[in-house]
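Read off the chains here:
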Amino acid sequence: MGLIDLERKEQIKEKKYRAYHLQRSNNISGLLFISPFYIIFAVFGLFPLAFTIVMSFYRWSMLGEKQFIGFDNYKLLFTNDPLFWLSVTNTFKIWFMSTVPQLILALILAFILNMAFLKGKGIFRLAVFMPNITSIVAVAIVFSSMFGTNYGVINYFLELFGLNPIDWSGTRIGTQVAISVMIMWRWVGYNTIIYLSGLQGISKDLYEAATIDGASTRQQFLYITVPMMRPIILFTVILSTIGGMQIFTEPLLFGKGSVNQGLTMTLYLYEEAFTRYSFGYAAAVAWILFFIIILFSLVNMLLTRIIRS
Amino acid sequence: MLKRLGYLVLLLCMSVALVACAGKSGGKSDEIELTMWLFSGTGLEEQIEKYQEDNPNIKIKIQDAEYSDHHNNLITALAAGSGAPDIAIVESDYIERFKENSQQFHDLAEYGANDIAGDYLEWRWREATNEEGFVLGIPTDVGPMAMAYRMDIFEQAGLPTDPDEVAQLLSTWDAYIEAGRQLTQATDSHMYNAGPDLFRVIREQAEAQYFDDDGNLILESSEQILKAWDITINNLDVQAGIDRETTEWGAALARGDFATVFLPPWMLQQIKDNAPDTAGLWNVTQIPEASGNWGGSLLTVPAQSDYPQEAYDFISWLLAPEQQLEIFKMHGNFPATPSIYDNEEVQNYSDDFFNRDDLGTMFGEAALRVEYVYRSPMTSTINDILGDAIMSVVDGEAEADEAWNTAVEEVKRQLDRQ
């Protein structure tokens, strides 16, 4: 009895020993398999991230000598840089003007695409998503011509309806609206598809019951769709926030205007680095940008909690 | 199984990498390959081909990029300490920025550049060098300005159309503005496209711009700058408010929304491209009061190059008067070497589009009238600030005085930060 027990124990030990070794070699090859990501991340992600911290303490024109100046870049940024703070306000204005209508429109579009009677859904879904995979540079160039003050197609239609043409590139609000519209056009479809997948998760029974009870489409939308979609709406709000803080290509190609009305935070960062060659200062801007986005995301999360509970 | 597949993939990757390496190191040992970074439109390609045919041991590898990408790539490569080419083109707006960091480039004086200095326009050569005699690069083309005008619109406005009469009438900026006002009132066209462009042209006629020769800011007392500002800002009614380098500009040019265009030689092609239907409606005259330069480039040899002598030999051949003449004949890029301005083919450079058979003479005269002016690395930043200030008045977003004060304040802030 005891002997058999011992043998079995021995066997189990052996098995465990083998399993351990097998596991270990599996671990190593597993690590090897995932290592390309970490190596690439370290080189192209982690190192630049850490290096911008170092850079932000220097005055550095990139070609010349580095000069250590401690927190001077940050001090200057907070005490004497009206342009940066203007770019922060602009970014939030443009973010608000593009995100709010964009999400409302996306929800309505998704609701229509989800309706039972709609034929050719596949085509509509594709069409709605198309703008998102169009080259952003091409979009900005085409929209810039459309928003031309003298020969733009949008002003042409405004005049056709007896309205005054708008100086899109010359006025504060004109430029910001034009940029917002470009962003909207690009992201409405993306949000629509996300909403659509959310809508398909809502049980048909609810709609059927509502229809039997005599609820109109509008009532169904407001009292079934919107409440059921709340978590997904919150998800898209957070995504749009992160995206909206990084608006860059549109104002770069459309033009930031004569009073910097289209200057966004990332465009300012780019200009500091690549037109004024203050790389240290640009690094400091990047870090402040990082904290602004964190702060804004926290506010977002807080609101989310309040709405959820 | 999976593990074996992994090794296989790894092996495959390594062998590919190995082959790639072998491919690079192979090649004849006496053959020298020079890499050369250009932006598009330099017109140098044919002559580079020719040099390679005549010098079989030299191989030139050209890499083209878009204008601002090219300069950013170059700055990045220089800062990184590796990856810069043997030869790089530098446009005039960037010259000061690179001259300030001359340690990044080979001093071409060490390779014989001073021997050929006399071949080039004196003002452009001075721009290419610094006080210590360091030579950053050899000039390619230059952009002396003339002025193109629409004869049909001038006629409609009751202005003369004969180039000599136009030159006589528009001999001063005040006369230019006055004629512009007459034209703006009599037709539904304007005199020129947008405020900042007129400001630029008058500014470029200055002997001193924003800084005196010691580098002190004289923005608020610089006679020519104040004059440029006043003439521009007090007469915004004669401009059309259309920025250059936009689709709007092209459309407006084709429609005849403005009647004069400030004309460095490279602008000829832009007019033809944007407004092909206006062929034959144009004529060319000199700019009021003085000439000025707009654009042009240098070929430089970054310090990272291992073959500075070979690179210098190549570019000094490529940019010698004979080759500049060939480039001009083929592409119309205006040479920086005055000795060939008398050449018949330059003199008789004709263009039916502009009704002229002496464009070369005009640009040659304009090039010789250009004066050297001191610039600082900050000059282009200040240009941007003042251009924006003028545009903000055009847009009705600011009053003239307010715009000036804001701009001066911003200029000082930018300088203080340096």
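Because the structure is a prediction, the values reported are computed rather than measured. (Residues numbered from 1 in each chain as written. Chains lettered and ligands numbered in written order. Predicted model: local features only at pLDDT ≥ 70, side-chain atom pairs only at ≥ 80, totals over all residues. Heavy atoms only, no water.)

(A) Quick look at the domain arrangement of chain B. All names here are of chain B. Under the domain assignment used here, chain B contains domain 1 (31-143 + 295-347) and domain 2 (144-293 + 376-417). A separation of 30 Å is found between the C-alpha centroids of domain 1 and domain 2. Listed as interface residues are 11 residues of domain 1 and, on the opposing side, 11 residues of domain 2. Both sides of the domain 1 and domain 2 interface together cover about 850 Å² of buried area, and 55% of this is carbon and sulfur. Looking only at domain 1, the three residues that lose the most surface to domain 2 are Glu-96, Arg-97 and Gly-143, adding up to 49% of its buried area. (Domains from an automatic or database assignment. Contact = heavy atoms within 4.5 Å. Buried area = accessible area lost by both parts, 1.4 Å probe.)

(B) Region of interest: the pattern of salt bridges. Summed over the entire model, instances satisfying the criterion amount to 25 salt bridges over all chains. Notably, a salt bridge pairs A:Arg276 with A:Glu272, separated by 3.0 Å at the nearest N-O pair. Among the residues examined, A:Arg276 registers a relative accessible area of 13% and is labelled buried. In this structure, B:Glu204 engages B:Arg375 in a salt bridge whose closest nitrogen and oxygen atoms are separated by 2.4 Å. (Salt bridge = Lys/Arg side-chain N within 4 Å of Asp/Glu carboxyl O. Buried < 20%, exposed > 50% of the residue type's maximum accessible area, 1.4 Å probe, protein only.)

(C) View of the interface of chain B and chain A. Listed by partner, the interface residues are 31 residues for chain B and 36 residues for chain A. Carbon and sulfur atoms make up 50% of the area that chain B and chain A hide from each other, which totals about 2700 Å². Across the chain B-chain A interface, the total number found is four salt bridges. Note that A:Arg172 is salt-bridged to B:Glu397, the shortest N-O span being 2.4 Å. Counting across the interface, chain B meets chain A through 13 residue pairs in polar contact (both at pLDDT 80 or more). Along the lines of polarity and charge, the residues of the side of chain B that touches chain A split into 10 nonpolar, 11 polar and 10 charged. (Polar contact = N/O pair within 3.5 Å; in protein donor to acceptor, adjacent residues only side chain to side chain. Nonpolar A, V, L, I, M, F, W, Y, C, P; charged D, E, K, R; others polar.)

(D) Geometry of the pairing of strand S7 (residues 282-285) of chain B. Residue and element names in this part refer to chain B. Taking every second residue as pointing to the same face, both faces of S7 are buried, with Trp-282 and Val-284 on one and Asn-283 and Thr-285 on the other. The pairing of strand S5 (residues 146-150) with S7 spans four bridges and is classified as antiparallel. Along S7, the bridge assignment pairs Tyr-149 with Asn-283. (Helix = DSSP H or I, 4+ residues; strand = E, 2+ residues; numbered from the N terminus. Pairing = 2+ DSSP bridges.)

(E) Fine view of the domain arrangement of chain A. Residue and element names in this part refer to chain A. Domain boundaries assigned for chain A yield domain 1 (2-55) and domain 2 (72-308). Its C-alpha centre places domain 1 at a distance of 43 Å from the equivalent point of domain 2. The partner domain 2 presents five residues to the four residues of domain 1 that form the contact. Among the residues domain 1 hides against domain 2, the three largest losses belong to Thr-52, Ile-53 and Met-55. Together they make up 92% of the total. Scanning the region where domain 1 abuts domain 2 turns up zero salt bridges.

(F) Molecular detail of the nonpolar core. If you look at the biggest cluster of nonpolar residues, it comprises 110 residues, and the most contacted ones within it are B:Met36, B:Ile138, B:Tyr176, B:Phe262, B:Leu299 and B:Phe314. For this core, the leading source of residues is helix H18 (residues 379-394) of chain B, giving six residues. Excluding anything up to four places from it in sequence, B:Phe314 contacts B:Leu34, B:Met36, B:Ile48, B:Tyr51, B:Ile60 and B:Ile87. Core analysis: the next-biggest nonpolar cluster, separate from the first, contains 25 residues, A:Met55, A:Ala282, B:Val90 and B:Leu136 among them. (Core = buried A, V, L, I, M, F, W, Y, C linked by side-chain atoms within 4.5 Å.)

(G) Seen up close, the environment of A:Asp72. The residue A:Asp72 is located in helix H2 (residues 72-79) in this model. Separated by 10 residues in the primary sequence, A:Asp72 and A:Pro82 have C-alpha atoms spaced 16 Å apart.

(H) Layout of the sheet that holds strand S4 (residues 137-144) of chain B. Residues and elements named next belong to chain B. The sheet built from five strands is open, its strands ordered S2-S1-S3-S8-S4 with mixed pairing. The sheet is open, and its two edges are formed by strand S2 (58-65) and S4, each paired on a single side. Sheet twist, expressed as the mean angle between neighbouring strand axes with direction ignored, is 20°. Examined bridge by bridge, S4 and strand S8 (residues 293-300) share five bridges and lie antiparallel to one another. Note on S8: the bridge partner recorded for Ile-138 is Leu-299. Contacting strand S1 (32-39) and S2, helix H2 (residues 45-54) crosses the sheet at an angle of about 160° to S2. Lying over the sheet, helix H4 (residues 92-99) contacts strand S3 (87-91) and S8, oriented at roughly 115° with respect to S3. (Axes fitted to C-alpha atoms, helices over the stretch in contact; angles between N-to-C directions.)

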